[in-house]
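# Chain and residue survey
Below are the chains, spelled out letter by letter.
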Amino acid sequence: MKNAAVAGFAAGVAMMVGGALGAISRFDPPSGAPPGALDESSPEETMNPMIGGQAMLPGRGIMDNIAASPMHGRLAAALKKSGVAAALGANAQFTLFAPTDAALSAEADPKTSLKTSLARRMSYLIVPGKYDSQALLRMIGEAGGEVRLHTAEGGVLLARMNGPTNIALMDEKGDVADIAIYDIRARNGIVHVIDHALEPSGSPRQIAAK
């Protein structure tokens, strides 16, 4: 079910950007992920941290909360222009690592980036599945200190501890971002706010669905 939902996500993005992204299929939870990594609790049962003084409502979708955030105007615009925002409407759960406006790189500026390039960068910030901070901490511990998260772009983010309590993410270029705000729950997943942009390396991946 999860693979089918993620394939649908990728197919939706591919359609939005004229087939620039191939269908993606290899998105099982990373090795060492506990059975509870996919949190199926009702979003209405929890309270979210605010972003920039703005309430983030657990009953809304990921895109609705990002669009309401005063710190994520550029990210919201980039997700919409790339087609990834529409693909997030798939009947599945996702984890979005959301750089703030200050952190989002100039290369991901929706005013200047090509749609295909923007789709790659935006899809790289999304991990299929719902991974809150507790799930990430368990996965890191069970994997021996570092866990590979497979992104919707087809690449990998490395999650590891930065100090006793904070989780850091490393992209394929070696750039590191800390999670600044954890566990913003939405109807279709989780948002973690990060303090630096994360980007894939190399050429666009074309992964055929099995």
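Values in this document were obtained by computation on a predicted structure and should not be read as measured data.

### Structural notes on helix 6 (residues 133–142)
Among all positions of helix 6, only S133, A135, L136, M139 and I140 are buried. Buried residues of helix 6, seen end-on, are gathered within an arc of 160° and therefore sit on one face of the element. Opposite its buried face, helix 6 presents the exposed residues G141 and E142, each directed more than 90 degrees away. The secondary structure elements touched by the buried residues of helix 6 are strand 1 (94–99), strand 3 (146–150), strand 4 (156–162), strand 5 (166–170), strand 6 (176–186) and strand 7 (189–194). Here helix 6 starts with a cap whose side-chain oxygen sits 3.3 Å from the backbone nitrogen of Q134, and that cap is D132. Just downstream of helix 6, G144 is the residue with a positive phi angle, here 85°.

### Structural notes on unusual backbone geometry
At D183, a residue that is not glycine, the phi angle is positive and equals roughly 55°. Assignment of secondary structure puts D183 in strand 6. Judged by relative accessible area, which is 17%, D183 ranks as buried.

### What about helix 3 (residues 73–82)?
For helix 3, every residue scored as buried is listed here: L75, A76, A78, L79 and S82. One face of helix 3 carries all of its buried residues, which in axial projection span an arc of 165°.

### Section: the pattern of salt bridges
This structure, assessed with the given rule, holds 5 salt bridges. Measuring nitrogen to oxygen at the nearest pair gives 3.6 Å for the salt bridge that ties R121 to E199. With R121 in helix 5 (residues 115–124) and E199 in the segment after strand 7, this residue pair connects regions lying 78 residues apart in the sequence. For R121, a relative accessible area of 16% puts it in the buried group. Note on E199: relative accessible area 10%, which makes it buried. The partner of D132 in a salt bridge is R185, and the shortest N-O contact between them spans 2.9 Å. A residue pair is termed long-range when its members are at least 10 positions apart, and D132 in the loop between strand 2 (126–128) and helix 6 and R185 in strand 6 qualify at 53 residues. A single salt-bridge network, built from bridges that share partners, covers R121, K173 and E199.

Cut-offs and rules
- Residues numbered from 1 in each chain as written.
- Predicted model: local features only at pLDDT ≥ 70, side-chain atom pairs only at ≥ 80, totals over all residues.
- Heavy atoms only, no water.
- Buried < 20%, exposed > 50% of the residue type's maximum accessible area, 1.4 Å probe, protein only.
- Helix = DSSP H or I, 4+ residues; strand = E, 2+ residues; numbered from the N terminus.
- Arc of directions from axis to C-beta.
- Contact = heavy atoms within 4.5 Å.
- Polar contact = N/O pair within 3.5 Å; in protein donor to acceptor, adjacent residues only side chain to side chain.
- Salt bridge = Lys/Arg side-chain N within 4 Å of Asp/Glu carboxyl O.

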